[in-house]
Amino acid sequence: MIGLFGEATNRLCKKLDDSAYNGEDVELESLFSRLTLDIIGKSVFNYDFDSLTTDNGIVEAVYTVLREAEDRSVSPIPTWEIPIWKDISPRQKKVNEALKLINTTLDELIAICKRMVDEEDVQFDEEYMNESDPSILHFLLASGDDVSSKQLRDDLMTMLIAGHETTAAVLTWTFYLLSKEPDIMSKLQNEVDAVLGDRFPTMEDMKKLKYTTRVINESLRLYPQPPVLIRRSIEDDVLDKYPIKRGEDLFISVWNLHRSPSHWVDADKFNPERWPLDGPNPNETNQNFSYLPFGGGPRKCVGDMFASFEAIVAVSMLVRRFNFQMALGAPPVKMTTGATIHTTEGLNMTVTRRMKSPIVPTLETQNLGNVESNVQEPDPVIT
C-alpha cells in the first residue's frame, strides 16, 4: 500500500509541477480530495478513478453522495424519507441516480473479484496477498468470510465515502497550518530531504519520518476529522453525575477536547514539538482519551494506520518537491463542518519548485580541479 500511496502522490506532483511551471495558483482542497479518492479506489477494490486527470460520472456520483451524507447528518428533519417529496425532489433524484451508479459499479467490481478468487489455487492464511490485486476487497473475498454481496457492497461504500474525505481534510488543514509557519515547514523539509532524498517513501521510512508524523498529529489535534464522534449507550449508565439511558446517543466534541486548556498548553497554537520525537506515536497511546483523532477504545477507527501512512507519504513527497504559500488575493480561509471540517472557499495556494542548496566544491568534489557545476538543478518529478 505504501508504494500505491507514492504512485498516486507522484501523479499529483506532476500536476502541481505543471502549475508551478505556468505560474498558476492551485486550489489544494479539491486536489487532495481527488488524490485520496484515487488511493481509496485502488487500495480498497482495485478500481482506478484517475480523478486527478479525468472527470467521469462515478467521481461526480461519489461527491454527490458524500455531500448528501453530510447534509443528512446535520439536518433536523429527514426530508429524504417523506414519501412524495423524495420522489419529486430534483436533488433527491440526483442522489438516487448517484447511488444507483455507485452500487452498480461496486456490484460489478465484487463480481469480477469473486471470479478472480475462484480461479486462484492458493490456500488463505494470515500472510495471504494477491500480487496482481492486493486490494482489501480481494483479501476479504479470499478469506471466505460469509458475507452477502449487499453487506460487502455497503461496507465498501462506507470505506469509499468516509475513507477518502477524512484524509483529504487532514492534508488540507496540514498545508494551511504549514503555510503560516515557515520555520516548521523548514524543519519538515529538512527531515524529508535527509530521509527520502529523491526516492519514494517505503514502509521503513514510516519509522524515520518522526517530525513529519508529529506535524500530522498536531494538525489532527487542531482540526480533528471528524470533529464530532457519536456513541450509543447499550445499557443504562452514569457519566459523572449525569444519568444515561439505554439507547441514548452521546455526541463527543473532539474539537473542544483537542483545544481544551485543561489538557493542552497553548491549546490553539500549532506546535508539532509538543509531541516528543523520542516518545511513542500519540495515535497509539491515547491512554487518557484527551486526544481522539481516530476515536478510542473498541470502536476506534479500523483505518487509522492506513490513513496515517497515507498522509505521511503525501506530505513528505509534496514538501520534498514544492514550496507552498497562500495565493495573493485568495479569500480568507474559513471553515465549515459536515462529516469533516471543510474550507468555505477552498485552499488557494501558490506552488513553486524547490531549489536545492548550492553544492560548495571541496577537495573531494573537485576531481583534479574539474568541477562541472556548483549549482544543482531542481529535482525532476520521479517517473
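What you see is a predicted model; the values in this text were computed from it and never measured. (Residues numbered from 1 in each chain as written. Predicted model: local features only at pLDDT ≥ 70, side-chain atom pairs only at ≥ 80, totals over all residues. Heavy atoms only, no water.)

### Focus on the overall build of the chain
Along the chain, the regular secondary structure elements total 14 helices and nine strands. Counting only C-alpha atoms and orienting by the principal axes, one finds that the chain spans roughly 80 × 60 × 45 Å. Burial analysis of the chain (383 residues in total) assigns 44% to the buried set. The long-range share in the chain, meaning contacts at least 24 apart out of those at least 6 apart in sequence, stands at 70%. Approximately 21100 Å² of the chain is accessible, and the part contributed by carbon and sulfur atoms is 53%. Averaging the positions of the 40 positive and the 60 negative side-chain charges in the chain gives two centres separated by 5 Å. (Helix = DSSP H or I, 4+ residues; strand = E, 2+ residues; numbered from the N terminus. Buried < 20%, exposed > 50% of the residue type's maximum accessible area, 1.4 Å probe, protein only. Contact = heavy atoms within 4.5 Å. Areas by Shrake-Rupley, 256 points an atom, 1.4 Å probe, with all protein chains shown as cover. Lys, Arg positive; Asp, Glu negative; His and termini not counted. Charge placed at Lys NZ, Arg CZ, Asp CG, Glu CD.)

### Details of the pairing of strand β9 (residues 348–353)
Alignment of strand β1 (residues 26–27) against β9, held across two bridges, turns out to be antiparallel. Looking at β9, one finds that Val-26 is bridged to Met-349. Sheet topology places strand β6 (residues 322–326) next to β9; five bridges connect them, and they run antiparallel. Opposite Phe-324, over in β9, you have Val-351 as the bridge partner. (Pairing = 2+ DSSP bridges.)

### With respect to the nonpolar core
Residues Leu-16, Leu-28, Phe-32, Phe-175, Leu-188 and Phe-324 are the most contacted members of the largest nonpolar core, which totals 59 residues. Counting only elements with at least two residues in this core, the list comes to α1 (2–22), α2 (28–45), α7 (149–179), α8 (182–196), α10 (210–222), α13 (304–321), β6 and β9. Here the element with the most residues in this core is α13; it accounts for ten residues. Leave out the neighbours within four places in its chain, and Phe-175 touches Leu-28, Phe-32, Val-315, Leu-318, Val-319, Phe-324, Leu-347 and Met-349. (Core = buried A, V, L, I, M, F, W, Y, C linked by side-chain atoms within 4.5 Å.)

### Here's the deal with α1
The terminal C-alpha atoms of α1, which comprises 21 residues, lie 30 Å apart, in line with the 30 Å expected from a rise of 1.5 Å per residue. Of all the residues in α1, the buried ones are Ile-2, Leu-4, Phe-5, Gly-6, Ala-8, Thr-9, Asn-10, Leu-12, Cys-13, Leu-16, Asp-17 and Ser-19. Here the buried face of α1 lies against β1, α2, α9 (205–208), α13, β6 and β9. Note on α1: the residue one or two positions beyond its end, Gly-23, has a positive phi of about 70°. (Expected span 1.5 Å × (residues − 1).)

### Topic: a nonpolar patch on the surface
A grouping of Ile-82, Ile-84, Trp-85 and Ile-88 is seen on the molecular surface, where their side chains present a nonpolar patch of about 410 Å² in accessible area. For Trp-85, a relative accessible area of 40% corresponds to the partly exposed category. (Patch = residues over 30% accessible without salt bridge, like charges linked within 9 Å, V, L, I, M, F, W, Y side chains within 5 Å. Salt bridge = Lys/Arg side-chain N within 4 Å of Asp/Glu carboxyl O.)

### A few points about the packing of aromatic side chains
Aromatic ring pairs are defined here through the distance separating the ring centres and the angle between the ring planes. According to the stated counting rule, one finds eleven aromatic pairs in the structure shown. Considering the side-chain rings of Trp-173 and Tyr-223, the 4.2 Å spacing of their centres and the 5° angle between planes classify their relative orientation as stacked. You can see Trp-173 sitting in helix α7 and its partner Tyr-223 sitting in the loop between α10 and β2 (228–232), a full 50 residues away along the chain. Both residues of the pair, Trp-173 and Tyr-223, count as buried. Between Trp-264 and Trp-275, the aromatic rings sit 5.5 Å apart at their centres with planes inclined by 65°, giving edge-to-face as the arrangement. Of the two residues, Trp-264 sits in the loop between α11 (254–258) and α12 (282–285) while Trp-275 sits in the loop between α11 and α12, which places them eleven residues apart along the sequence. (Phe/Tyr/Trp six-rings, centres within 6.5 Å; stacked < 30°, edge-to-face > 60°.)

### Overview of the packing of α8 against α10
Remark: α8 packs on α10, axes separated minimally by 8 Å, with the N-to-C direction vectors making an angle of 140°. It follows from the interaxial angle that α8 and α10 lie oblique. Across from Ile-184, Lys-187, Leu-188, Glu-191 and Val-192 in α8, the residues of α10 making contact are Lys-210, Tyr-211, Thr-212 and Val-215. (Axes fitted to C-alpha atoms, helices over the stretch in contact; angles between N-to-C directions. Parallel < 35°, antiparallel > 145°, perpendicular 65-115°, else oblique.)

### A word on the confidence of the model for the chain
With 91% of its residues at a pLDDT of 70 or more, the chain has an overall mean of 86. Least confident of the elements in the chain is helix α14 (residues 363–366), whose mean pLDDT is 49; most confident is α8, at 97. Low pLDDT, under 50, characterises residues 368–378; the stretch is placed with ten contacts to residues that sit more than four places away or in other chains. (pLDDT = per-residue confidence, 0-100.)

### Description of the environment of Asn-281
Relative to the elements of secondary structure, Asn-281 occurs in the loop between α11 and α12. For the pair Asn-281 and Tyr-47, spaced 234 residues apart in sequence, the C-alpha separation works out to 32 Å. In contact with Asn-281, not counting residues within four places along its chain, are Thr-213, Arg-214 and Asn-217.

### Quick notes on the UniProt feature "binding site: heme" (unreviewed entry) in the chain
Cross-referencing UniProt, the feature "binding site: heme" (unreviewed entry) maps to Cys-301 in the present numbering. By the secondary structure assignment, Cys-301 is in the loop between α12 and α13. Look at Cys-301 and you get partly exposed, because its relative accessible area is 38%. (UniProt positions renumbered as here; feature names shortened; annotations may be inferred.)

### Overview of the environment of Val-62
Tracing the backbone through its elements, the reader meets Val-62 in helix α3 (residues 57–74). The buried category is assigned to Val-62, whose relative accessible area is 0%. For the pair formed by Val-62 and Leu-101, sequence separation is 39 residues and the distance between their alpha carbons is 9.2 Å. Once you skip the residues sitting within four places of it in the chain, Val-62 turns out to touch Leu-37, Phe-49, Ile-102, Leu-160, Ile-161 and His-164.

### Considering the sheet that holds β9
As summarised here, the arrangement of the three strands in space is β1-β9-β6, forming an open sheet in which the pairing is antiparallel. Across the chains shown, the open sheet's two edge strands, defined by having one partner strand only, are β1 and β6. Helix-sheet contacts for α1 involve β1, β6 and β9, and the interaxial angle to β9 is about 90°.

### Here's the deal with the side chain of Glu-191
Tracing the chain through its elements places Glu-191 in helix α8. Setting aside anything within four residues of it in sequence, one finds Glu-191 in contact with Lys-208, Leu-209, Lys-210, Tyr-211 and Thr-212.

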